[in-house]
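# Coordinate analysis (summary)
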Amino acid sequence: EKKLLLETVQSKYRMIGNSPPMLKIRQLIDKMAPVDSPVLIMGESGTGKELVARALHFKSNRAARPFVPVNASAISEGLTETELFGHEKGAFTDAKTSKEGYFEQAHTGTLFLDEISEMNLNLQPKLLRALETNEIQRVGGTKTKKIDARIIAATNLDLPDAVKRGEFRKDLFFRLEVLTVKLPPLRERK
């Protein structure tokens, strides 16, 4: 049953197209999927960055584990830290209970950080620390928690250019771009 379910989910995220750029992308996904290193997906809006992230996850050894997609640009600036890392009861006025963050939800699976370029500069060092140590600390918490999640990030901006302009941390960029997929624009994939 597990194998059948996995095949069903994988077929849902199968990529179509036989243009040379798409064939290269599929080959790249097949090579990168079994590796647990972070992946940075870059491409224009509408090029299928989340589809590539899901394909990487469902072709990996983590396929039966959670895939947690997070749109970094859609989270309110004041809530980003609690959404990513969770919070303890009483950490702030409305924290009536403890809450798992996206990192904990993705434990043993994949955390997909879409629009990573939109992440607040003040939060980037905390994200970098989580990537370097594989540990998180909930807001209001005193203990660190080990996390085993593969990180896949995506952006439609030129991140190296954002680094040069001081809009994105250089060390975080290097931590995320261990493996890189550059999606060609749709106009090049007839």
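Residues numbered from 1 in each chain as written. Predicted model: local features only at pLDDT ≥ 70, side-chain atom pairs only at ≥ 80, totals over all residues. Heavy atoms only, no water.

### Quick look at the overall build of the protein chain
Going by this rule: Secondary structure is summarised from DSSP: a helix means a run of H or I of at least four residues, a strand means a run of E of at least two, and numbering begins at the N terminus for each. Every radius of gyration here is taken over C-alpha atoms, with the globule rule written as 2.2 Å times N^0.38, N being the number of residues. Under the convention used here, Asp and Glu are negative, Lys and Arg are positive, and both His and the chain ends fall outside the count. By convention, the point assigned to a charge is CZ for Arg, NZ for Lys, CD for Glu and CG for Asp.
Within the protein chain, the regular secondary structure consists of eight helices and seven strands. In terms of overall dimensions, the protein chain is globule-like: its C-alpha atoms have a radius of gyration of 17 Å, near the 16 Å expected for 190 residues. Dimensions of the protein chain, computed from the C-alpha atoms along their principal axes, are close to 55 × 50 × 25 Å. The averaged location of the 25 negative side-chain charges in the protein chain is 5 Å from the averaged location of its 31 positive side-chain charges.

### What to know about the environment of Leu 84
Selection rule: A 1.4 Å probe rolled over the protein chains alone gives each residue an accessible area, and that area as a share of the maximum for its type sets the label: buried under 20%, exposed over 50%, partly exposed in between. Contacts were defined at the residue level, with two residues in contact if any of their heavy atoms lie within 4.5 Å.
Position of Leu 84 relative to the elements: it lies in helix H4 (residues 80-85). Judged by relative accessible area, which is 1%, Leu 84 ranks as buried. When the C-alpha atoms of Leu 84 and Leu 179 are compared, they prove to be 22 Å apart, with 95 residues separating the residues in sequence. Setting aside residues no more than four positions away along its own chain, Leu 84 makes contact with Gly 101, Tyr 102, Phe 103, Leu 113, Met 119 and Leu 123.

### Focus on the sheet that holds strand E3 (residues 110-114)
The cut-off we apply is this: For two strands to count as paired, DSSP must find a minimum of two bridges between them. Inter-axis angles, ranging from 0 to 180 degrees, are taken between N-to-C directions of lines fitted to C-alpha atoms, where helices are fitted over the stretch in contact.
What the five strands build is an open sheet, ordered E2-E3-E6-E1-E7; its pairing is parallel. The open sheet terminates on both sides in strands that have one partner only, identified here as strand E2 (67-71) and strand E7 (179-182). Each neighbouring strand pair of the sheet contributes to a mean axis angle of 15°, computed without reference to strand direction. Relative to strand E6 (residues 150-155), strand E1 (residues 39-42) is paired through four bridges, and the arrangement is parallel. Looking at the pairing, Val 39 lines up with Ile 152 of E6.

### Concerning the pattern of salt bridges
Test applied: Basic side-chain nitrogens of Lys or Arg form a salt bridge, by our definition, when they fall within 4 Å of a carboxyl oxygen of Asp or Glu.
Evaluation of the coordinates by the stated rule reveals 14 salt bridges. Glu 81 is the partner of Lys 126 in a salt bridge, and the nearest nitrogen-oxygen pair spans 3.1 Å. In this pair, Lys 126 is assigned in helix H6 (residues 124-133) and Glu 81 in helix H4, connecting sequence segments 45 residues apart. Where salt bridges share partners, they join Asp 36, Arg 62 and Asp 148 into one cluster.

### Let's talk about the packing of aromatic side chains
Our working definition: Under the pairing criterion, centres of Phe, Tyr and Trp rings, with the six-membered ring standing for Trp, must be within 6.5 Å; the plane angle then separates stacked pairs below 30 degrees from edge-to-face pairs above 60, leaving the rest tilted.
Under the definition given, this model contains four aromatic pairs. With a centroid separation of 5.4 Å and 55° between ring planes, the pair formed by Phe 173 and Phe 174 is classed as tilted.

### Looking at the layout of surface pockets
The line we're drawing: The pocket and cavity definitions rest on a 1 Å grid over protein atoms only: a 1.4 Å probe that fits but cannot leave marks a cavity, an open set with protein on both sides within 12 Å along at least five of seven lines marks a pocket, and residues lining either have an atom within 4 Å of a point. Grid points are joined across faces, edges and corners, and a volume is the space filled by probe spheres set on the points. Nonpolar residues are Ala, Val, Leu, Ile, Met, Phe, Trp, Tyr, Cys and Pro. Charged residues are Asp, Glu, Lys and Arg, and all others, Gly as well, are polar.
Put simply, the largest pocket is a space of about 230 Å³. Along its surface, the largest pocket is lined by 16 residues, and Asp 36, Asn 134, Ala 149, Arg 150 and Ile 151 are the ones closest to its centre. Mapped by element, the contributors of at least two residues to the lining of the largest pocket are H6, strand E4 (135-137) and E6. Residues of the lining of the largest pocket, tallied by class, amount to eight nonpolar, two polar and six charged. Computed from the structure, the second largest pocket encloses a volume of approximately 200 Å³. Around the second largest pocket, the lining residues are Glu 81, Phe 85, Lys 126, Arg 129, Ala 130, Thr 133, Glu 135, Ile 136, Gln 137 and Thr 144. Secondary structure elements with two or more residues in the lining of the second largest pocket: H4, H6 and E4.

### Focus: the nonpolar core
To be explicit about the condition: We define a nonpolar core as any set of buried Ala, Val, Leu, Ile, Met, Phe, Trp, Tyr and Cys residues linked to one another through side-chain atoms lying within 4.5 Å.
Among the nonpolar cores identified, the biggest contains 32 residues, and Phe 103, Leu 111, Leu 113, Ile 116 and Phe 168 are the most heavily contacted of them. Examining the composition of this core, we find that four residues originate from one element, H6, more than from any other. Beyond its immediate stretch of four places on either side in the chain, Leu 113 contacts Val 70, Leu 84, Leu 127, Ile 151, Ile 152, Ala 153 and Ala 154. Core analysis: the next-biggest nonpolar cluster, separate from the first, contains 18 residues, Ile 41, Ala 53, Leu 56 and Phe 67 among them.

### Topic: helix H2 (residues 20-32)
Each α-helix winds once per 3.6 residues, and so residues spaced three or four apart point in a common direction. To keep it simple, the criterion reads: Expected helix span is taken as 1.5 Å per residue step, with the number of steps being one fewer than the number of residues. Directions from the helix axis toward the C-beta atoms define the arc.
With 13 residues, H2 should reach 18 Å at 1.5 Å per residue; the first-to-last C-alpha distance of 18 Å fits that figure. Listing the buried residues of H2 in full gives Met 22, Ile 25, Ile 29 and Met 32. Down the axis of H2, the smallest arc covering the buried residues is 90°, so these residues share one side. Within H2, the exposed residues directed more than 90 degrees away from the buried face are Pro 20, Lys 24, Gln 27 and Lys 31. Contacts from the buried residues of H2 go to E1, helix H3 (49-58), E6 and E7.

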